[in-house]
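Below are the chains, spelled out letter by letter.
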Amino acid sequence: MNNDKVVLKDGTEIALESSQGIGALHIAVNSKQEACALWERFTSDNLKQVVIKNQDGLTVGRYQDMVLSHFQGEERADGSVLATFSLRSKSAVELMEERLSAVEAGQQVQDAGIDDLGQAMSDLMEGGVN
């Protein structure tokens, strides 16, 4: 174990067994169940900000907008699992799709507000609202 840690956006700190950069984070866990629970921590939201800290707690890597591109689990003879998480940066297309989705969602809210305002104005013009 090298005592380095990966820190996810929600503050979860995970000790690394070893790593070969952000593309191969090796994490030792006691069981398949722990590996699955750990995998569930690597959510889209938690990968928006990923920090690597060394054994002294100093930040040695800071990453934004990451994606879990690959997960692999290797069961050991004692039942423990070496889980490998491979992260990569989001592509320009993925980032653009996210932004477009956010704009579209905002536009739907705005459209609903305009419809409500239009209905209220129509009601006022027809004689008021009771």
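Note that the structure is predicted; figures quoted are calculated from it, not measured.

J.: What is the right way to read the overall build of the protein chain from this model?
T.: Looking only at helices and strands, one finds two helices and eight strands in the protein chain. Computed over the C-alpha atoms, the radius of gyration of the protein chain is 23 Å, more than 25% above the 14 Å expected from 2.2 N^0.38 for a compact globule of 130 residues. Dimensions of the protein chain, computed from C-alpha atoms along their principal axes, come out at roughly 80 × 30 × 25 Å. Going through the 130 residues of the protein chain one by one, you find that 27% of them count as buried. Restricting to contacts in the protein chain with at least 6 residues of sequence separation, those with at least 24 account for 47%.

J.: Would you mind going over unusual backbone geometry with me for this structure?
T.: Only a minority of non-glycine residues have a phi that is not negative, and only a minority of peptide bonds are not trans. Of note, Asp 65 is a non-glycine position whose phi angle comes to about 50°, a positive value. Note on placement: Asp 65 falls in the loop between β6 (59-64) and β7 (66-75).

J.: Any chance you could explain the nonpolar core here in plain terms?
T.: Nonpolar side chains tend toward joint burial in soluble globular proteins. Grouped together as the largest cluster of nonpolar side chains are 19 residues, with contacts concentrated most on Leu 25, Ile 27, Phe 42, Val 50 and Leu 87. Sorting the residues of this core by element identifies β4 (25-29), α1 (32-41), β5 (49-53) and β8 (81-89) as the ones contributing at least two each. Tallying contributions element by element places β8 first for this core, with four residues. Those residues in contact with Val 50, other than ones at most four positions away along the chain, are Val 6, Val 7, Leu 8, Ile 22, Gly 61, Arg 62, Tyr 63, Met 66 and Leu 87.

J.: What should I look at first to understand the sheet that holds β5 in this one?
T.: The strands that make up a sheet are held in pairs by hydrogen bonds between backbone atoms, and each pair lies either parallel or antiparallel. With antiparallel pairing, four strands are arranged side by side in an open sheet as β2-β1-β5-β6. Two strands close off the open sheet at either side, each with one partner strand: β2 (13-15) and β6. Along the sheet, successive strands turn relative to each other by an average axial angle of 20°, direction set aside.

J.: For this particular structure, what's the right way to read the packing of aromatic side chains?
T.: How two aromatic rings sit relative to each other is set out by the distance from centre to centre and by the angle between their planes. With the rule as written, the count across this model stands at three aromatic pairs. Summarising the aromatic geometry, the rings of Phe 42 and Phe 85 are spaced 4.1 Å apart at their centres and angled 10° between planes, so their arrangement reads as stacked. A residue pair is termed long-range when its members are at least 10 positions apart, and Phe 42 in the loop between α1 and β5 and Phe 85 in strand β8 qualify at 43 residues. When the ring of Phe 71 is compared with that of Phe 85, the centres are 4.9 Å apart and the planes differ by 55°; the resulting orientation is tilted. Here Phe 85 lies in strand β8 and Phe 71 lies in strand β7, a separation of 14 residues in the sequence. Ring pairs connect the aromatic residues Trp 39, Phe 42, Phe 71 and Phe 85, which therefore count as one cluster.

Procedures and definitions
Residues numbered from 1 in each chain as written. Predicted model: local features only at pLDDT ≥ 70, side-chain atom pairs only at ≥ 80, totals over all residues. Heavy atoms only, no water. Helix = DSSP H or I, 4+ residues; strand = E, 2+ residues; numbered from the N terminus. Rg over C-alpha atoms; globule rule 2.2 N^0.38 Å. Buried < 20%, exposed > 50% of the residue type's maximum accessible area, 1.4 Å probe, protein only. Contact = heavy atoms within 4.5 Å. Core = buried A, V, L, I, M, F, W, Y, C linked by side-chain atoms within 4.5 Å. Pairing = 2+ DSSP bridges. Axes fitted to C-alpha atoms, helices over the stretch in contact; angles between N-to-C directions. Phe/Tyr/Trp six-rings, centres within 6.5 Å; stacked < 30°, edge-to-face > 60°.

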